[in-house]
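# Structural overview
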Amino acid sequence: MRNQQHVTNCATITQFHFIFPKIKSRQKTNQNPFTYRNRKSLWCSLHSQRSLTMLADSLPVPTGGASMIVSWSVAGKNVLVVGGSTAAALRTFFSLEADAYVTVVAPAEHLCSELKTRADKGQISWYDREFQPVDVEGKALVFVTAEDHSLVRKVIVTARQRKVPVNISVSPELSDFWMMSTHRDAALQISVSTSGNGPRLASKVRHRIAAALPPNAGFAVQRISALRQALRNADPAPESSGRRMAFINTITDSWSLDRLAELNETDIKKLIEVYHSGKVDDVFAALDARAGVLRFVSAGPGEIDALTVGAHRAITEADLVIASADVSKDITSIVSGELRALQKDVKGDHLVQAVLSAALPALKRGLAVVRLFSESAISADPEVKAFAQNKHRPIIVPGLSINSVKKETQTVAPSSAPVSLAAPAVEVQPLEKKKEIILEVVHDTVPTPTTTKGRLERLAYTYQSQPRLLDGSAVVSSIAYYLSRFSYILKAHPKEYAGQRMEMLASKHIKNAFNSETQVLILDSRTGAGSVVHGTLSAGALASSVGTSESVAAMIPALHQVAAARLPGVFHIASHALSENLVVSPSNADVLSAAHTGTALLSSATVQEAHDLSILAHVSAVLSSLPVLHFFDGSRLSREVGNVRVASKESISSIGSLISSIAPGDKKSFLEAFEEVGHILSSAFGKRYAPFEYVGRRDAEHVVVAMGASTGLAEIAVKKLTAEGQRVGLLKIRLYRPWSVQHFLGAVPPTVKRISVLEDNATRGSHGPLFLDVTGAFYSGVWPWQIPFITKSRFAPGIGSFHPVGIEALLQNLQSSYPSFDFIIKVDDRYLFANDDAVFSKSKAQYILWDAAHEDTTAVADTIVAQANVDIGEDAQVQKFVAQDGVRVLPIAATHLRVSNVRITAPHLIRFADYVGVHHVGVLADVNVAVAMKKGAILLVNAPWKTTAEVEKEIPPSTRAELARKHIKLYVIDAHAVARDYTVFMGKPSEYVNLILEGVFFKLTDNHNGVLALEQKVANSGVNFNVIRTKISALRRALSIVQAIKIPHHWMYESSIHELASTAANTLPLDKVAEPTDSEDVVTKVMKNYNGAIPYVFKEAFGLIKELRPDVEDSYQVTLTENVRLTPDAYDRNVFHMEMDTTGTGLRYEIGEALGVHGHNDPVEVARFLKAYGIDGDEVVYYERPGVGTEIRTVSQVFTQIVDLFGQPGKKFYQFLAAQATDLKEREYLNTVVSADGTDELRRLQEEEFVNHGDLLLRTKSARPSVHELIQQIPAIKPRHYSIASSMNMHPNSVHLLVVLVDWKTSTGETRMGQCTRYLSTLKVGSKLAVSIKPSVMKLPPSPTQPIIMAGLGTGMAPFRAFIEERAYQRAQGIEVGPIILYFGSRHRAMEYLYGEELDAYAADGLLTHLRLAFSRDQKEKVYIQHKIEEDANLLAEYILDREGAFYLCGPTWPVPDVRDALVKAFKGRGISEALGLEMLETLKEEERYVLEVY
C-alpha cells in the first residue's frame, strides 16, 4: 500500500513495471498523483497486462488477466463527464461523492433530468454544447458516456495527448480504468472488479459481501482512521511507520468491530499513552478496567425448559459462548452474543488450546465468557487448570432444573484448581434478547422439516428481525395485512381508526406472506359487519379484521358463528372506553363481552408484544382451527410510537409458508397450539409467551392479577417494591380464553395470602368477569393450599391516575390490616411528582411539547426523535405518545417524549419532564404545564414576551407559583414573528416556525449537533438556494434572540381559586371548528358557441367593453416593446429585461414602486388539462361578478386568464373535492389530508410534489365538478409584483422590469416554473399585459444631496437602476446630487453582471461615486456584498451618521443579518457599542433611512 502513494494517473498502461518511473518523474510537477488518504475515494480499476519481469525465481508468478485496484483521491480536483445520459449521471454522482469538481459537456436535448437538477442547484458546471479539446485541460479524469464513435475517438485522442486517464462506458477495452461496483458504509468502501467484463456480476458479488458484513464496520474504520492520525501526530518520525502499523494491527486483530466503533477521544488518548509506554499487552487494560467473567455451564438434557434460571441467564447474557460440539441446537438458539462451536474431532490438548485461544482475548477485554458443556456433566479438569494458570477462576453454574441441582452439582469432576459454585436461581424472569446476534456456528446441514413442529423450529432458527419506530396500531395492522389474504377495517371514527397502515400497504401494492396483494376493505362498525368476515372465512380464505372496542358488540353474532364452524379468523381490537365527553381511557369491558362466544382471547401490553402476539395469534388460529380475538390498549398503546423489532420480509414469507403447510392432521387445541408456538418461537422473539406469566418473588404474599394495559404499570411497581424487599408479585394474564384453571393456579406462588384483581375499566357495581374467573379458579378444588383473600380494584376514569405509583398504592392497601375490597386507584399530582423520578430514573431525558392540535408544530417532535437516533446511535430507545384534548375551543395536543439508551418500560404520562415546550401560548390559559416538570427543568414558551412583567400578565397564578417553587428556567421566543420577518415575499411561515422551535430546543438542551443537523437538512432540501440561505438565517437569528426570563421569588406564594388541569384529557382527535368566511358569489353559465357570439355582434346593445381584467381595480393595459435576456443562453439562470409602453394608459409610477403583473396560465398546459378533464375549451362562459358586471369568455380563456388552475389548493378545495368524490378511498384520502393526521401528507403534496388544482382534479377521478363549480371554488390568479427598474422622469412613456425565470424540480422529477415569470419570459413584442401599481417602502431621501447606499443581489438591482436614473435626471436638470454607493452581488461577472455597461458608464461619469462589485464564485474564496460593506466601514459611518444618508437592501433574505452586523461594526468605529448600534438601526428604519425589501 505504501507504493500506492506514488501511482499517477497516466495514459494506457501496457506494462506493469512502467508505472513507477513515470510516477516519480511526475510527482515533482504535482500533476494529479494518486494518493491514499482517509477520505472519500472514487474507486477505479487500472488495466494491466501480463509482462512483469521476474527478479527471482522465488517471487510469486503472476497469472495475468487481472486489474490493479487502487483508491484514487480526486477531492478538490476536476473531473470531466462527456455525455448527458443516466450513465453520465451515475459517474457524476460517484465523483461528487469523492468531493471532486465535475464539469459536464452535453447538448441540452441529451441531458437527463438528474444532471439538469444538479446543474440547476449549482452542484456541477454544465456546458450546453458538443465536446471541445479545451475541455480536457486541467482535468484529473475523463468519463465518456456518449455513443457517437467519432466523438468517443476524439475524446480518447485528446485525453491521451494530455496524458489524462479516460473511461469509455461503451468500450471498456479502450478504457484506462473502469468503474467498479461499490458498497459504502461510512468510511468503508468495498469494490469488486471483473476487469470491465461483468459489471452486473460484480454488483451481485458485492451485494453478497455487503450482506455478510457485520454492523458498525464502517464506523470501526472511521475510528481506526482517527487513531491512526493521532498516532502520526504523536510519533511523526518516518522510521516509526512500522511500529505504528504493528500497534494498529494488534488492536484491529483482537478487538470486535463493535468495540472499535465505540472508540472515543478519551480512549484514543489512553491508547497513545500505551503506545509510548511500549507495553502493548496493556492495550486492553487501558480501556477496560473491568475483569472478564468466566462461567462453566452445563446444558443439561438439551431442553430450554430444563435449564435453571441462572444457567439461562448466563447463556443469554454472555458476550461469548464456547460450546461443545454435542450441545443441542435448542440451547445454542438462545445465545444472543457471539457463539463459537467446537469441532467434534478436536480433543485433548488441542481442545484446551482451542478454548483458551478463543476465551483469553475476550476475558482480557473484560467480556463475559461461557464455556458451555453438554448434559454429560462438566468434566473439564484440564480446562479449569489451564484457565487457573492464566489467572482466571471459573464459576460453575448448574444447568439442570431445580429438582436436579443437587445431583448435578455432585457430578462435577473434582479439580485441583480453585472454582466457585453458583447457587441456582429460583426467581422466574422474562427473557431479554440482546440487540445483536452474531452466529459463528459450525452446524451440519439442516434437512427440510416435514412436520409442523419441525417447520416451527426451522422458523425459530432462521427468524430475523429489524428495528423500527412504530405505534401499536401500525404494528398490528402490518401483521394482519401480511398474514391474511383478506383484511377488513372496522371503522368507528372518521379521523383516527385502527387499520390505517393497512390502507397504506394496500395502496402501495405491497405483497403479503403468500406473494399476493391482500384485499383490504373498510366496513362501518354496525350490526352485520362481522358477517362479511364470516363469509370470507367460510369460503376458505385467510381473513382478519382490525377495529376498536366499538366494533365488538356488532360482531358478537358473527364471532359465535365463526367459532362454532372452527374457522381460523383473527380479530385485532384496540380496546378502550369512551366517555360521554369523548375521553378515551383503558378498558377491556367491551372485549370481554366476547368471552362466551368460543373465540380465543389474547392480550398484549406493549408495542413489541403487540407485534409478537399478532404473529402467534395468526399461527395458532390456523393450527387450532379456532378464531382469535387479539386485543391491545386503544387509549395509549395504539398511538404510542416506540422501538420494536419487526419480522423481516424473509421471516414473514417463512411464516406464510408455515401457515400454508399446516395439515388437518396437525390440528390441536388452541391452548396446546399457543403453548407450542410460544415455546418454540421464544428464541426468535427473545421472550417466551405463556398463557399466564408471573413476575416477582416466588414467596410473595400479596399478588396483583392484571390483564392488558395495566400489566406494564404493575410490573414496574412490583419490581421496584421487590427490590426494596417486599414480598409482592404480579400475575399477567396473556390468554384469557380459553381459561385454564390449571395453568392459572400453577403460576400463582403457593405462599400468597391476598390477591387484588385489577380490572381495566371503571364500571361500578357487580363483579367483573376477570374477578369471577380468578375467584372460581381458587374454589375449583385444584388449589391445594389455603385460599387467599381476594379483592378487586380498578382505575379512576381517564389516564391521569394510570401510573405505576397507583399500583404501589394498591399493594399498600392490600398489605394493610383492613384492605379495601373495592379499591379505586386515583393518584394525586403531588404524589406523582414525588415518585415519578424513581420510576423512570434510567431515562436519559423526558420532554413534553404542547401544541395547538390544528397547527403544524406537532411535527417538531418527529425531528427530535430523528436526532435522538443519530445522537445515541443503535442503542437509541424512543417513546412518543400524543395525548389530544379535542373537546375545547382550542384543541390541544401534548406530545410526551422519552429518549434513552436503555429499553424504555414506562406506559404512562410523563410527570417529571426535563424540558417542556409550549408552542401555542393559548395552552397556558387552560393547563398548568409546570406540574409535570422536575426541579430546575427548562420551559420554553412561543410568545411575544420580552419582560417579566409581560409574562406575569399572561401566565395564571397557579402556574407561576409552580414555576417558582421548582426553580424552572423560563425562556421565550417569538417564532411566529421571526418567521414573518423572513417570509414577507416568499415561503410559508409554518415551515420557519417549526424550524425555529426545533433549533431552540436543541440549543436549550445543549445539543449543538442537533442545530448543525437542522442546517444540513435545510441545505439538502433541494429548494432554491435563496430559500436555503433565508431559512438558515432565520434559524440563526432566532437562536440569537432566545430570551431568558427571570422568575421572581414572590411568584412562589401566588394562589389561585381556579385550579388548572395538568394533563391533556386524551380525547378522540377532533378538528378545530372553522370560522365562517365571507365570499362573493360568482355566477357562471356555460352556453353553446353561437349564443356566446351574440354580444359581439350587437356590441352597442350589450355595452361590450374589451378589457383583459375588468375585475381588477386601477389596472392598466400596456404593450410590450422589448423583452431581452441579459444572461448567456448557456447560463442556468434566465434573467431578462422588459420594457412596456404606457402611452395613453394613464399609468404613472413613483421611484421605488412595484408593478403588479396579472399573468396567464400556459395555454398549452390548460388545453392538455381540459382535454384530460373532458371539457370543451371552445364553449362560451357568461362570467358574472358582483360590482364588475358580465364577462364573456371561452372556457379556455377563463382557465388561462382568470382561474388560478396551476396554483396550490388550500384545505377548502380538498374538502370541496372530497364532498364531490364518489370513490370511498379517494374521499377518505382527501379528508385525511386536511385533518390533523394528514399534516405530513399535505406538507409533502405542497412542498415536495407541488400539487396544483389541475393535478388534484385529474388525480381524483371520481370527482368531476362542473365548470361553474370550478370557477366558484378555484381562486382567481393573483398579481405578482416586481420592483420597477426605471425612472418615469427618464422614461415618461415606458416602464421597465428586471425578472428572473423561477423554475424547480418536484420530488417526482417534474420541472415546474413560476406562473408569472414563465408568462413574462414567453411574451412577444406587441403583446398586451394587464398591470397595476403597488406602493413600496423603497423611496429616495427627501433631499437630492443626501447620500444613498444601495445593496442589491441579482434582480434586487431593479429598484436601484431606477434610483440611479432618477439621480441622473436630477443632475441633468442642474440639481446638485449627493454621493451614490452601489454594492452589487451575483455569482459570475461574465454571466450575471446585470446592467453592467450602464453601471460602468455611470461610474466613469462620476454619478455613481462608488461601485462595489462582489461576484461570489469568480475566485476561490467566496466574496459577498457584506464583505465589501465591511471594507467601507469608515465611509458608511460618515455617509449615514454625519450626512444623513440612507441605506437600502434589495434581494433575498439570507444576507440581512450579515449586512446588519457589518453596519453595526461600522458604527463601532465611532465608539458606538453594539447594543446602541442596533438601536440606531431601528431608529433609521423608522426614519426610512434603513430600508429592506427582501424575499
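The rules behind each value
Residues numbered from 1 in each chain as written. Predicted model: local features only at pLDDT ≥ 70, side-chain atom pairs only at ≥ 80, totals over all residues. Heavy atoms only, no water. Core = buried A, V, L, I, M, F, W, Y, C linked by side-chain atoms within 4.5 Å. Buried < 20%, exposed > 50% of the residue type's maximum accessible area, 1.4 Å probe, protein only. Salt bridge = Lys/Arg side-chain N within 4 Å of Asp/Glu carboxyl O. Helix = DSSP H or I, 4+ residues; strand = E, 2+ residues; numbered from the N terminus. Expected span 1.5 Å × (residues − 1). Arc of directions from axis to C-beta. Contact = heavy atoms within 4.5 Å. Pairing = 2+ DSSP bridges. Axes fitted to C-alpha atoms, helices over the stretch in contact; angles between N-to-C directions. Phe/Tyr/Trp six-rings, centres within 6.5 Å; stacked < 30°, edge-to-face > 60°. Lys NZ or Arg CZ within 6 Å of the ring centre and 35° of its normal. Patch = residues over 30% accessible without salt bridge, like charges linked within 9 Å, V, L, I, M, F, W, Y side chains within 5 Å. Areas by Shrake-Rupley, 256 points an atom, 1.4 Å probe, with all protein chains shown as cover. Lys, Arg positive; Asp, Glu negative; His and termini not counted. Charge placed at Lys NZ, Arg CZ, Asp CG, Glu CD. Parallel < 35°, antiparallel > 145°, perpendicular 65-115°, else oblique. Left-handed = near helix turned anticlockwise from the far one by under 90°.

### Let's talk about the nonpolar core
Counting residues in hydrophobic clusters, the biggest one holds 47 residues, and the most contacted among them are Leu-629, Leu-731, Tyr-736, Trp-739, Phe-744 and Phe-778. One finds Ala-868, Ile-872, Val-993 and Leu-1035 within the second-largest nonpolar core, a separate group that totals 41 residues.

### Regarding the pattern of salt bridges
Pairing between side chains becomes possible if they bear opposite charge and their charged atoms approach one another. What the rule picks out here adds up to 49 salt bridges. Residue Lys-719 is joined to Glu-715 by a salt bridge in which the shortest nitrogen-to-oxygen separation is 3.2 Å. Separated by four residues within a single helix, Lys-719 and Glu-715 lie in helix α26 (residues 710–723), roughly one turn from each other. Overall, the relative accessible area of 39% leaves Lys-719 in the partly exposed class. Assessed through its relative accessible area of 15%, Glu-715 is described here as buried.

### Describing helix α54 (residues 1474–1486)
Taking 1.5 Å as the rise per residue, α54 with 13 residues should run 18 Å; its terminal C-alpha atoms sit 19 Å apart, in good agreement. When α54 is considered as a whole, its buried residues turn out to be Gly-1477, Leu-1481 and Leu-1484. Buried residues of α54, seen end-on, are gathered within an arc of 60° and therefore sit on one face of the element. Relative to its buried face, α54 has exposed residues pointing more than 90 degrees away, namely Ala-1475, Glu-1479 and Glu-1486. As for α54, its buried residues are in contact with α52 (1433–1442), α53 (1456–1468) and β57 (1490–1494). Positive backbone phi, at 60°, marks Glu-1488, one or two positions downstream of α54.

### Some words on the environment of Thr-1222
Positionally, Thr-1222 belongs in the loop between α42 (1211–1220) and α43 (1224–1233). For Thr-1222 and Arg-1264, which are 42 residues apart along the polypeptide, the C-alpha to C-alpha distance reads 9.6 Å. Not counting chain neighbours up to four residues away, the residues in contact with Thr-1222 comprise Arg-1227 and Ser-1262.

### Focus on the sheet that holds strand β5 (residues 125–127)
Read across the open sheet, the five strands follow the order β5-β4-β3-β6-β7; overall the sheet is parallel. The open sheet has two free edges, formed respectively by β5 and β7 (166–168), since each of these has just one partner strand. Direction aside, neighbouring strands of the sheet carry axes that sit 15° apart on average. By the bridge criterion, five bridges tie strand β3 (residues 78–82) to strand β4 (residues 101–105) in an arrangement that is parallel. Residue Leu-80 lies in a different strand from β4, and its bridge partner there is Thr-103.

### A short note on the sheet that holds strand β30 (residues 728–733)
One open sheet holds the six strands; their spatial order is β28-β30-β29-β32-β33-β34, and the pairing between them is mixed. Lying at the two open borders of the sheet, with one neighbouring strand each, are β28 (692–696) and β34 (822–825). Taking the axes of each pair of neighbouring strands and ignoring which way they run, one obtains an average angle of 25° across the sheet. Pairing of strand β29 (residues 702–706) with strand β32 (residues 754–759) involves four bridges; the strand directions are parallel. Bridging across to β32, Val-705 finds its partner in Val-757. Strands β28, β29, β30, β32 and β33 (789–795) of the sheet are contacted by α26, whose axis makes an angle of about 160° with β30.

### Regarding the packing of aromatic side chains
One pass over the structure, following the stated rule, counts 32 aromatic pairs. Aromatic pair Phe-744 and Phe-778: ring centres 5.9 Å apart, planes at 85°, arrangement edge-to-face. Of this pair, Phe-744 sits in helix α27 (residues 741–747) while Phe-778 sits in helix α28 (residues 769–778); the two residues are 34 residues apart in sequence, bridging distant segments of the chain. A single burial state applies to Phe-744 and to Phe-778, both of which are buried. With 5.8 Å between their ring centres and 70° between their planes, Phe-1360 and Phe-1363 make a pair best called edge-to-face. Remark: Phe-1363 and Phe-1360 occur in helix α48 (residues 1358–1372); sequence separation between them is three residues, near one turn of the helix. Taken together, the ring pairs connect Phe-692, Tyr-736, Trp-739, Phe-744, Phe-778, Trp-783 and Trp-785 into an aromatic cluster. Over the ring of Tyr-275 we find Arg-243; its NZ or CZ atom is 3.9 Å from the centre of that ring. Against the face of Tyr-992 rests Lys-1031, its NZ or CZ located 5.9 Å from the ring centre.

### What about a negative patch on the surface?
Together, Glu-109, Asp-128, Glu-130, Asp-148 and Asp-1129 make up a region of like negative charge exposed at the surface. Structurally, Glu-109 is set in the loop between β4 and α3 (113–120).

### Some words on a nonpolar patch on the surface
A contiguous nonpolar patch, built from Leu-201, Val-205 and Ile-209 and spanning about 240 Å² of accessible area, is present on the exposed surface. Looking at where Val-205 falls in the secondary structure, it is placed in helix α5 (residues 199–212). On the basis of relative accessibility, which here comes to 34%, the residue Val-205 falls in the partly exposed class.

### Description of the packing of helix α22 (residues 607–624) against helix α24 (residues 670–680)
Between α22 and α24, whose axes approach to 9 Å, the crossing angle comes to 135°. It follows that α22 is oblique to α24 by the angle criterion. Relative to α24, the crossing made by α22 is right-handed. Contacts between α22 and α24 pair Leu-613, Leu-616, Val-619, Ser-620, Ala-621, Leu-623 and Ser-624 from the former with Phe-670, Ala-673, Phe-674, Glu-676, Val-677 and Gly-678 from the latter.

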